[in-house]
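A closer look at the structure
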Amino acid sequence: MSVPLLEFRNVDLHYGPIQALRQVSLHVEEGETVSLIGANGAGKSSLLMSIFGQPRPSAGQILYRGEDITRKSAHHVASGGVAQSPEGRRVFPDMSVEENLLMGTIPIGTAHADEDLRRMFALFPRLEERRNQRAMTLSGGEQQMLAIARALMSRPRLLLLDEPSLGLAPIVVKQIFQILRDLAAGGMTIFLVEQNANHALKLSDRGYVMVNGQIRLSGTGEELLGNPEVRSAYLGGH
Amino acid sequence: MNMPERSSLDIRQPLLDSVLAGLIALVVFGPIVGVVLDGYGFNLQPARVAWIVGTVMLGRFLLSLFLHSVIGRGWLQRLDGGGAGVQVLAPDYRSRLRWIVPLVLLAAVVLPFFANKYLLTVVILGLIYVLLGLGLNIVVGLAGLLDLGYVAFYAIGAYGLALGYEYLGLGFWSVLPLAALTAALAGALLGFPVLRMHGDYLAIVTLGFGEIIRLVLNNWLSLTGGPNGMSVPAPTFLGLEFGRRAKDGGVPFHEFFGIAYDPNLKFLFIYAVLLLTVLLVLYVKGRLIRMPIGRAWEALREDEIACRAMGLNHVLVKLSAFMLGASTAGLAGVFFASYQGFVNPTSFTFFESALILAIVVLGGMGSTLGVVLAAFVLTVAPELLRSFADYRVLLFGMLMVLMMIWRPRGLIRISRRGFAQRPGVAP
Ligand SMILES: Nc1ncnc2c1ncn2[C@@H]1O[C@H](COP(=O)(O)OP(=O)(O)O)[C@@H](O)[C@H]1O
Ligand SMILES: [Mg+2]
């Protein structure tokens, strides 16, 4: 049996008295696209950030390629091949597109920077057109592309995406998910956190549904899309 | 600028501007210039106020008229356009200013042969502020942590030399690294409690830290001599002293080398060591900026949460900025103390912190060359224009306002360099 790329084992997480995660267990296999669906405040972002130990779980284990990273430094995890496009995009507003991308090389150094920069511009031609523009002047969709590209600059094996569709127009969301589909087809392992269950589950091999810090359901993307509970809670279906 | 295109000259806007400026001038100057105290009464002097307000209104009108003309609009556009994009420099980019660097170096090497003692001391002071500016530039300019108590680390360096000599018998050379180390530790000490703070709160806490250090130095009479200060030993070179006669029957520097005694020798020596230190700090900083830690500082300045999402340990990033900045100030303090020959707390007031901050802001947040230039402009210029010294603060104020309008990112914009294309990689 092969080791999952990422695995959560009974993870609890607290912010002071507030418990954000309860006994969370999940796994992401190499090459898979897995999504985590949940309403606002369910604990999705906390789960992603706990991979970098910010904050650290109060109980349980997080494993990356079989290695227990629960107590490892954020840098160790990032340079080991985990990258994140954070919630709300969080591009560096006063830096140009190109500078933002260069910042993405911090975990691994600049040895491949030039080559990777060109790969990113091939993947996101829109970013190349705007390479000297300040990031704050980009549209929401372009900023999301930049956040993803910045994460890819550290040559990750596992790409974490926190609500990439947040606040974007439907047509732009489609573009973003097409890009994710292409990335997945290229072999990237993607762990996607979304409120937009429809898009996310269609893209994903498997999915988890999180409610109040607990995993409520899991299954393949299609199973979850057909699940009545998911349909009523996240898809506005009847 | 979203100025609507107007072909004809519009007179209304300039008139409006001028009336507004006149009103402001009336409010500001009216009580100050128009009411003159005379014993226990006062006279009104409306004519003087009218003159000033009239001048302001006319000036504002003409300025506004000019800025609305075609040429003026062109100007505004050009000034404004400077902030729109940010350029990453090509890896082989050569700055147009690059000829300045060897010129400045040459001047720095030649200077001691021509300078008199006064010029030499002025330049030493300038270099000390270059060090301070470079250090604070890491904290404020790169890492974006507004530190208003930076002078505390400068004081730690300076008093480190004085106290080390007084109580431990240490000299210039042994204190130099120790001061950098002590200041770095103090930086970490300050850094820990303020890790969670941002912006205004950080500024206030650091301001308090600076004042605490100064007050301790001022009031711990038995240790520091309080307001009277402490004397500082003159530096030595391989144990040779620079005085006319060495203490304890040693051989002074000039006798050892068989040259004539020169009272400037001490300053020449400080200048030489200081110049080397500045060059070393410049080199180290240049290296650091290109290393991941330099990028991490800038990422932290731009967005702390993004930083953490990138797997950066913001604690380490912040602490390293604080510590490196502090240790540079510690070095500067040692030079300052040796140069003055004594230290007292009045050299380490908040005004000093503000001056160093002004150097960083004026030089362009994060820009090294800008900081070097600004340090000299703000410290050497007032020295050379002694008669103008009273207006120094006014000059700062005006410079700052002008900067905010035209160069909000400093005299010299920071620019990053891209990476060299490696041969064999297809474009
Ligand atoms: N920094 C924090 N301090 C305290 N509570 C937090 C913090 N971040 C998140 N929480 C709490 O943790 C819970 C989960 O939040 P989050 O992970 O952001 O959810 P999601 O990303 O699913 O919207 C929420 O109740 C939220 O209020
Ligand atoms: Mg969230």
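Coordinates for the structure precede this section.
None of the values given here were measured: they were computed from a predicted structure. (Residues numbered from 1 in each chain as written. Chains lettered and ligands numbered in written order. Predicted model: local features only at pLDDT ≥ 70, side-chain atom pairs only at ≥ 80, totals over all residues. Heavy atoms only, no water.)

**Brief notes about the overall build of chain B**
For chain B, the helix and strand inventory stands at 17 helices and six strands. Classification of the 427 residues of chain B by burial places 44% in the buried group. Residue pairs at least 24 apart in sequence account for 75% of intrachain contacts in chain B once pairs closer than 6 positions are excluded. Surface summary for chain B: the accessible area is close to 22700 Å², and the carbon and sulfur share equals 70%. (Helix = DSSP H or I, 4+ residues; strand = E, 2+ residues; numbered from the N terminus. Buried < 20%, exposed > 50% of the residue type's maximum accessible area, 1.4 Å probe, protein only. Contact = heavy atoms within 4.5 Å. Areas by Shrake-Rupley, 256 points an atom, 1.4 Å probe, with all protein chains shown as cover.)

**Quick word on the site of ligand 1**
Residues and elements named next belong to chain A. By nearness alone, every residue bordering ligand 1 is listed as Tyr15, Ala20, Ala39, Asn40, Gly41, Ala42, Gly43, Lys44, Ser45 and Ser46. Within the contact set of ligand 1, an oxygen atom lies 2.8 Å away from a backbone nitrogen or oxygen of Lys44. In this structure, an oxygen atom belonging to ligand 1 sits 2.7 Å away from a side-chain N or O atom of Ser45. The fraction of the free accessible surface of ligand 1 (550 Å²) that becomes covered by protein chains is 61%. The leading source of residues in the shell around ligand 1 is helix 1 (residues 44-51), at three residues. Of the residues assigned to the shell around ligand 1, the class counts are four nonpolar, five polar and one charged. (Near = heavy atom within 4 Å. Polar contact = N/O pair within 3.5 Å; in protein donor to acceptor, adjacent residues only side chain to side chain. Nonpolar A, V, L, I, M, F, W, Y, C, P; charged D, E, K, R; others polar.)

**Focus: the nonpolar core**
Core analysis: the biggest nonpolar cluster contains 103 residues, and B:Ile128, B:Leu132, B:Phe153, B:Tyr271 and B:Phe335 have the highest contact counts within it. Considering every element that reaches this core, the biggest residue donor is helix 5 (residues 117-142) of chain B, with 16 residues. With residues near it in sequence (within four places) discarded, B:Ile128 still touches B:Tyr154, B:Leu274, B:Ala332, B:Phe335 and B:Phe336. Of all hydrophobic cores here, the second largest spans 45 residues; its members include A:Val173, A:Ile176, A:Leu180 and A:Val230. (Core = buried A, V, L, I, M, F, W, Y, C linked by side-chain atoms within 4.5 Å.)

**Section: the sheet that holds strand 10 (residues 214-220) of chain A**
Residues and elements named next belong to chain A. Pairing is mixed in the open sheet, where six strands are placed in the order 6-7-8-3-9-10. The strands lining the two open edges of the sheet, one partner per strand, are strand 6 (82-85) and strand 10. The mean angle between the axes of side-by-side strands here comes to 15 degrees, regardless of whether they run parallel or antiparallel. Alignment of strand 6 against strand 7 (residues 158-162), held across four bridges, turns out to be parallel. Along strand 7, the bridge assignment pairs Ala83 with Leu159. Docked against the sheet, helix 7 (residues 170-185) engages strand 3 (33-38), strand 7 and strand 8 (189-194), running at close to 155 degrees with respect to strand 8. (Pairing = 2+ DSSP bridges. Axes fitted to C-alpha atoms, helices over the stretch in contact; angles between N-to-C directions.)

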